[in-house]
Amino acid sequence: MKTILVPIDFSENADKALAAAKQIAAKTGAKLLIMYAYQPYVGDFMIPESIVTAPIYQQLKDDYRTKLNERVSRAQQEGYLADAIWETGSVETAVLKQAKENSADLIVVGRTGHAAFLDKLIGSAATGIALQAHCPVLIIPPNNEVIRFDQFVYATQLEFDEKEILLDVIALTKQLKSKLRLVKVNSDEQLDIQPDGQYIDEIEHELGIGRGEITILNSDHVMDRLEKYCGQIKADLLIVSNRRRGFLEKLLNPSMTKKLTMDTQVPLLVYHKESVKDGLKAPMVILG
């Protein structure tokens, strides 16, 4: 991992996201790109240009630049490689653009709760970023108090070839010196076409993940059961995959990834896989 992009809006949860990114950077040596997307206030297009360019507006922009530079300077003083990025416009568009231009390996973003409007500039865009980014996206929920990465839960359906994603997850687990568990929740909400044993054998023999590290649960509510399980084992991170699915898969397995990005109380890492058109031999869909 070489580059981590961290969009911030100077809210409390954005600072938590930055703290999480620092933890990952400390163990991987990645560079932090700390970004702010300045958005003109709603209704600015109706305000005369002379007012928009008034000193108070310029002062606000200057204050934001100062806050951004302060966070970058602090990270540098703490020993991290860090740069500032200033953008103007939509948060989601700016983040996706910068992630691509800088070949980001990871985006870390805070998801806000029911705070004031200005505190939701980043949080409200977290879902769109997670679903559209070319690289993995780590979402930090607002209630998360302690940022650590000791125990990972990887949610799987054991239905498709997911070795490529698992190789990336295993590599990250080793870099962060964490433990990894695979979990499947049997439910009417999820596909259940192939026998689980077939994929468990492949995972065990090809990736070295033992059967003792794979848990199969039953529940009518996948999200609730996953979060309960994460709480039981004190998981610090829930990993899922969002796939660009074909027509058939959309009918068989409605996406839950979007719901998870908005509602989960556990830090969520979203990977992406392109699907094979209308084929059930496509890369693995993990809840999404």
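So, here's what we can say about the structure.

So, how was this worked out
- Residues numbered from 1 in each chain as written.
- Predicted model: local features only at pLDDT ≥ 70, side-chain atom pairs only at ≥ 80, totals over all residues.
- Heavy atoms only, no water.
- Helix = DSSP H or I, 4+ residues; strand = E, 2+ residues; numbered from the N terminus.
- Buried < 20%, exposed > 50% of the residue type's maximum accessible area, 1.4 Å probe, protein only.
- Contact = heavy atoms within 4.5 Å.
- Areas by Shrake-Rupley, 256 points an atom, 1.4 Å probe, with all protein chains shown as cover.
- Core = buried A, V, L, I, M, F, W, Y, C linked by side-chain atoms within 4.5 Å.
- Polar contact = N/O pair within 3.5 Å; in protein donor to acceptor, adjacent residues only side chain to side chain.
- Arc of directions from axis to C-beta.
- Phe/Tyr/Trp six-rings, centres within 6.5 Å; stacked < 30°, edge-to-face > 60°.
- Lys NZ or Arg CZ within 6 Å of the ring centre and 35° of its normal.
- Expected span 1.5 Å × (residues − 1).
- Lys, Arg positive; Asp, Glu negative; His and termini not counted.
- Salt bridge = Lys/Arg side-chain N within 4 Å of Asp/Glu carboxyl O.
- Pairing = 2+ DSSP bridges.

Here we look at the overall build of the chain
Piece 1. Counting its regular elements, the chain contains 10 helices and 10 strands.
Piece 2. Taken over 288 residues, the chain has a buried fraction of 53%.
Piece 3. If you take every contact in the chain between residues at least 6 apart in sequence, the share linking residues at least 24 apart comes to 80%.
Piece 4. Summing over all exposed atoms, the chain offers an accessible surface of approximately 13,800 Å²; the carbon and sulfur share of this is 52%.

Concerning the nonpolar core
Piece 1. Core analysis: the biggest nonpolar cluster contains 48 residues, and Ile4, Val108, Leu138, Phe149 and Ile209 have the highest contact counts within it.
Piece 2. The element that contributes the greatest number of residues to this core is helix H1 (residues 12-28), accounting for seven residues.
Piece 3. For Ile209, the residues in contact, after removing those within four places along its chain, are Leu166, Ile170, Leu180, Leu182, Ile203, Glu204 and Ile214.

Concerning the environment of Thr264
Piece 1. When you line up the elements, Thr264 lands in the loop between helix H10 (257-263) and strand S10 (268-274).
Piece 2. Look at Thr264 and you get buried, because its relative accessible area is 1%.
Piece 3. As for Thr264 and Glu227, which are separated by 37 residues in sequence, their C-alpha atoms are 7.3 Å apart.
Piece 4. Ignoring any residue separated from it by four or fewer positions in sequence, one finds Thr264 in contact with Arg111, Pro141, Glu227, Leu238 and Lys259.
Piece 5. Within the structure, Thr264 has its side chain in polar contact with the side chain of Glu227 (distance 2.9 Å).

Brief notes about helix H8 (residues 222-232)
Quick reminder: α-helices carry 3.6 residues per turn. Residues three or four places apart thus point the same way.
Piece 1. Within the span of H8, buried status applies to Val222, Met223, Arg225, Leu226, Tyr229 and Cys230. All buried residues of H8 project into a common sector of 165 degrees when viewed along the axis, lining one side. Projecting away from the buried face of H8 at angles above 90 degrees are the exposed residues Asp224 and Lys228.
Piece 2. Remark: Lys234 follows H8 within two positions and exhibits a positive phi of approximately 60 degrees.

Quick notes on the packing of aromatic side chains
Piece 1. By the definition in use, this model includes six aromatic pairs.
Piece 2. Grouping aromatic residues by their ring pairs yields a cluster made of Phe10, Tyr36, Tyr38, Tyr64 and Trp86.
Piece 3. Cation over ring: Arg65 sits above Trp86, and NZ or CZ is 4.0 Å from the ring centre.

Side note on H1
Piece 1. The first and last C-alpha atoms of H1 sit 25 Å apart over 17 residues, in line with the 24 Å expected at 1.5 Å per residue.
Piece 2. Those residues of H1 that fall on the buried side of the exposure criterion are Asn13, Ala14, Lys16, Ala17, Leu18, Ala20, Ala21, Lys22, Ile24, Ala25 and Thr28.
Piece 3. A positive backbone phi angle near 75 degrees is found at Gly29, which sits one or two residues after H1.

Side note on unusual backbone geometry
Both trends apply: most residues other than glycine have a negative phi, and most peptide bonds are in trans.
Piece 1. With a phi angle near 50 degrees, Ser103 is a residue other than glycine that sits in the positive phi range.
Piece 2. Tracing the backbone shows Ser103 in the loop between helix H4 (91-101) and strand S4 (106-110).
Piece 3. The backbone of Lys234 sits at a positive phi, close to 60 degrees, despite the residue not being glycine.
Piece 4. Tracing the chain through its elements places Lys234 in the loop between H8 and strand S9 (237-244).

Quick word on the side chain of Arg181
Piece 1. Along the chain, Arg181 turns up in strand S7 (residues 179-186).
Piece 2. As a buried residue without a salt bridge, Arg181 has its nearest oppositely charged side chain in Glu213, at a separation of 6.5 Å.
Piece 3. Reaching out from Arg181, the side chain makes a polar contact with the side chain of Tyr229 at a distance of 2.8 Å.
Piece 4. Beyond its immediate stretch of four places on either side in the chain, Arg181 contacts Gln151, Phe152, Val153, Tyr154, Gly212, Glu213, Ile214, Thr215, Tyr229 and Ile233.

Some thoughts on the pairing of S7
Piece 1. Most of S7 is tucked away: six of the eight residues are buried.
Piece 2. With five bridges connecting them, strand S6 (residues 151-155) and S7 associate as parallel partners. Among the inter-strand pairings, Tyr154 is bridged to a residue of S7, identified as Leu182.

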